[in-house]
Amino acid sequence: MTYDAIIIGGGAAGLFCAITAGRRGRKVLVIEHNAEVGRKIVISGGGRCNFTNKEVSFENFISQNPHFCKSALAGFTPQDFVELVKKHKIAYYEKKLGQLLPRKFSCDRRHATHRMPQISR
Ligand SMILES: Cc1cc2nc3c(=O)[nH]c(=O)nc-3n(C[C@H](O)[C@H](O)[C@H](O)COP(=O)(O)OP(=O)(O)OC[C@H]3O[C@@H](n4cnc5c(N)ncnc54)[C@H](O)[C@@H]3O)c2cc1C
């Protein structure tokens, strides 16, 4: 089998990269050495999946190149993620300080209500 892109690591960054490449018609392989992808996603927000923060800005990141964070956040804003969540009719709420979480979420994969792959298409 041949792929247009091979992504090492199925965390938040790798999965989103795979989604973006897939939407552009690329054939993508994600290689993850854990038994499941997105492990940190499901434990974020105290196990409730903190999918974005509407108050986030480049000033919240420590980087040797702060301009990278400016351009990265300008390319895909927290509001863009909110629109994605709305598009898939996932109800959400603000926990505190701009933290947004789905209303129904379980990190128990046997009973998961919303999982990241569900919003991938
Ligand atoms: C307990 C906890 C709570 C958190 N709570 C929040 C929160 O409330 N809000 C928030 O915004 N963030 C939170 N975070 C942080 C957030 O989860 C991470 O910043 C985010 O998930 C990082 O995504 P990533 O894709 O950059 O890295 P990772 O999630 O670390 O993904 C990297 C992936 O690559 C895989 N990998 C690495 N090397 C290889 C290899 N050689 N071959 C194959 N696979 C490999 C790893 O197994 C992993 O799955 C929390 C993190 C933790 C641990």
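These figures come from a predicted structure and were not determined experimentally.

Draft legend 1. Main features of the overall build of the protein chain. On a plain count of helices and strands, the protein chain comes out with 4 helices and 5 strands. Reading the helices (α) and strands (β) of the protein chain from amino to carboxyl end gives β-α-β-α-β-α-α-β-β. The buried share of the protein chain, reckoned over its 121 residues, is 9%. Sequence-distant contacts in the protein chain: of pairs separated by 6 or more residues, those separated by 24 or more amount to 49%.

Draft legend 2. Main features of the pairing of strand E1 (residues 5-8). Bridge analysis of E1 against strand E2 (residues 28-31) gives 4 bridges, and the strand direction is parallel. Residue Ile6 lies in a different strand from E2, and its bridge partner there is Leu29.

Draft legend 3. Quick look at the sheet that holds strand E4 (residues 92-94). Strands sit in the order E3-E5-E4 across an open sheet of 3 strands; the sheet is antiparallel. Two strands bound the open sheet, and with one partner strand each, they are strand E3 (52-53) and E4. As judged from the 2 bridges shared by E3 and strand E5 (residues 99-102), these two strands associate in the antiparallel manner. In the strand pairing of E5, Thr52 is matched with Leu100.

Draft legend 4. Spatial organisation of the pairing of E5. Only one face of E5 is covered, namely the one carrying Leu100 and Pro102; the face carrying Gln99 and Leu101 has none of its residues buried. Pairing of E4 with E5, which is carried by 3 bridges, proceeds in the antiparallel orientation. Bridge assignment links Glu94 to a residue of E5, and that residue is Leu100.

Draft legend 5. Structural detail: the site of the ligand. Around the ligand, a shell composed of 18 residues is seen, among which Gly9, Gly11, Ala13, Lys40 and Ser44 lie nearest. Every element with two or more residues in the shell around the ligand is listed here: helix H1 (12-23) and helix H2 (39-47). Per-class residue counts for the shell around the ligand are 6 nonpolar, 9 polar and 3 charged.

Draft legend 6. Up close: the confidence of the model for the protein chain. For the protein chain, the mean per-residue pLDDT works out to 88, and 87% of the residues sit at or above 70. Counted against residues more than four places away or in other chains, residues 110-121, with its pLDDT under 50, gives 18 contacts.

So, how was this worked out
Residues numbered from 1 in each chain as written. Predicted model: local features only at pLDDT ≥ 70, side-chain atom pairs only at ≥ 80, totals over all residues. Helix = DSSP H or I, 4+ residues; strand = E, 2+ residues; numbered from the N terminus. Buried ≥ 20, exposed ≤ 12 C-beta atoms within 10 Å, placed from the backbone. Contact = placed C-beta atoms within 7 Å. Pairing = 2+ DSSP bridges. Near = placed C-beta within 6 Å. Nonpolar A, V, L, I, M, F, W, Y, C, P; charged D, E, K, R; others polar. pLDDT = per-residue confidence, 0-100.

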